[in-house]
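Here's the letter readout for the chains.
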Amino acid sequence: DAKTTQPTSMDCAEGRAANLPCNHSTISGNEYVYWYRQIHSQGPQYIIHGLKNNETNEMASLIITEDRKSSTLILPHATLRDTAVYYCIVRVVGGSQGNLIFGKGTKLSVKP
Amino acid sequence: KAGVTQTPRYLIKTRGQQVTLSCSPISGHRSVSWYQQTPGQGLQFLFEYFSETQRNKGNFPGRFSGRQFSNSRSEMNVSTLELGDSALYLCASSSTPLTSGSYNEQFFGPGTRLTVL
């Protein structure tokens, strides 16, 4: 699976949009981009995933660049409960392994 | 629908002992994966079980083993504990194997925090 690069930490004001970037310059055509988050002392939680089109669900939006070398997770109105470590993962669906390979992630701190 | 449950939530053992951790997946899910999380190495994949068979295995020594029962509940065993085994052990369930051709979201449990003294 391709490696990802994320900033170590980011701050965001409560109520503002949080934009979390991820670089995956070596991504292959059959690799999806997944985002998970881990709130302190809990297991990771799925947020969203995509292949090449932008995606939106009730939690967030995922913007993938046309060349697919980077993506941005957008939390439109961040709340204090969104404070967590956010992991960007690229993974082949149906690959020989299939497990998620987590990097270091971005620690997002939402401040009042 | 109840989420993934793990027992116990906290455990303290001493070096050389062995430990068994339990994971009950979401009802209807037949795939259970185990991960180890430490401050230094982050989240690392241990193994996956589907329909009582180990499907995938990460790069961990043979002291780490697991099994899955017919009701999809899974146990993970670590023998001859070392200080470095202190970690949060997470299990995740999904409806299809990780290597299936379709997307399969993994649902994680709260984890078992193991401390080895």
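Above this text is the structure in question.
Computed from a predicted model, the values in this text were never measured in an experiment.

Asker: Please clarify how the state of the cysteines should be interpreted in this entry.
Answerer: By definition, a disulfide links the sulfur atoms of two cysteines through a covalent bond. Residues and elements named next belong to chain A. Tallying each qualifying case throughout the model produces two disulfides over all chains. Each sulfur in the disulfide pair Cys22 and Cys88 lies 2.1 Å from the other. On the sign convention where negative is left-handed, the bridge of Cys22 and Cys88, at about -80° about the S-S bond, is left-handed. Residue Cys22 is found in strand β2 (residues 18–23), and its partner Cys88 is found in strand β8 (residues 84–92); the two are separated by 66 residues along the sequence.

Asker: I would appreciate a short explanation of the interface of chain A and chain B in the present structure.
Answerer: Often, the extent of an interface is quoted as the loss of accessible area on bringing the components together. Contacts between chain A and chain B engage 21 residues on the former and 22 residues on the latter. In total, about 1,600 Å² of surface goes out of reach between chain A and chain B, with carbon and sulfur atoms giving 50% of it. Linking chain A to chain B there are five residue pairs in polar contact (both at pLDDT 80 or more). Elements that contribute at least two residues to the side of chain A that touches chain B include exactly β3 (31–38), β4 (45–50) and β8 of chain A.

Asker: Honestly, the sheet that holds strand β8 (residues 74–78) of chain B in this entry has me stumped. Any pointers?
Answerer: Whether parallel or antiparallel, the strands of a sheet pair through hydrogen bonds between backbone atoms. Residues and elements named next belong to chain B. Spatial strand order, β1-β3-β8-β7: four strands in an open sheet with antiparallel pairing. Of all the strands in the sheet, the pair left with one neighbour each is β1 (5–7) and β7 (64–68). Strand-to-strand twist across the sheet, computed as the mean angle between neighbouring axes with direction ignored, equals 20°. Where β7 and β8 come together, five bridges link them in antiparallel fashion. Bridge pairing in β8 places Ser65 opposite Asn77.

Asker: Can you help me understand unusual backbone geometry in this one?
Answerer: As a rule of thumb, non-glycine residues mostly have phi less than zero, and peptide bonds are mostly trans rather than cis. Residue and element names in this part refer to chain B. For the peptide bond that leads from Thr7 to Pro8, omega is -10°, which places it in the cis range. If you check the backbone angles, Ser51 has positive phi at about 50° while not being a glycine. In this structure Ser51 comes out as partly exposed when scored by relative accessible area, which is 31%. Positive phi, normally seen in glycine, also occurs at Thr80, with a value near 45°. Its place among the elements puts Thr80 in the loop between β8 and β9 (87–94). Residue class for Thr80 comes out partly exposed when judged on its relative accessible area of 47%.

Reading guide: rules and limits
- Residues numbered from 1 in each chain as written.
- Chains lettered and ligands numbered in written order.
- Predicted model: local features only at pLDDT ≥ 70, side-chain atom pairs only at ≥ 80, totals over all residues.
- Heavy atoms only, no water.
- Disulfide = S-S within 2.5 Å.
- Helix = DSSP H or I, 4+ residues; strand = E, 2+ residues; numbered from the N terminus.
- Contact = heavy atoms within 4.5 Å.
- Buried area = accessible area lost by both parts, 1.4 Å probe.
- Polar contact = N/O pair within 3.5 Å; in protein donor to acceptor, adjacent residues only side chain to side chain.
- Pairing = 2+ DSSP bridges.
- Axes fitted to C-alpha atoms, helices over the stretch in contact; angles between N-to-C directions.
- Buried < 20%, exposed > 50% of the residue type's maximum accessible area, 1.4 Å probe, protein only.

Geometric descriptors of this kind do not, in isolation, establish any biological role.
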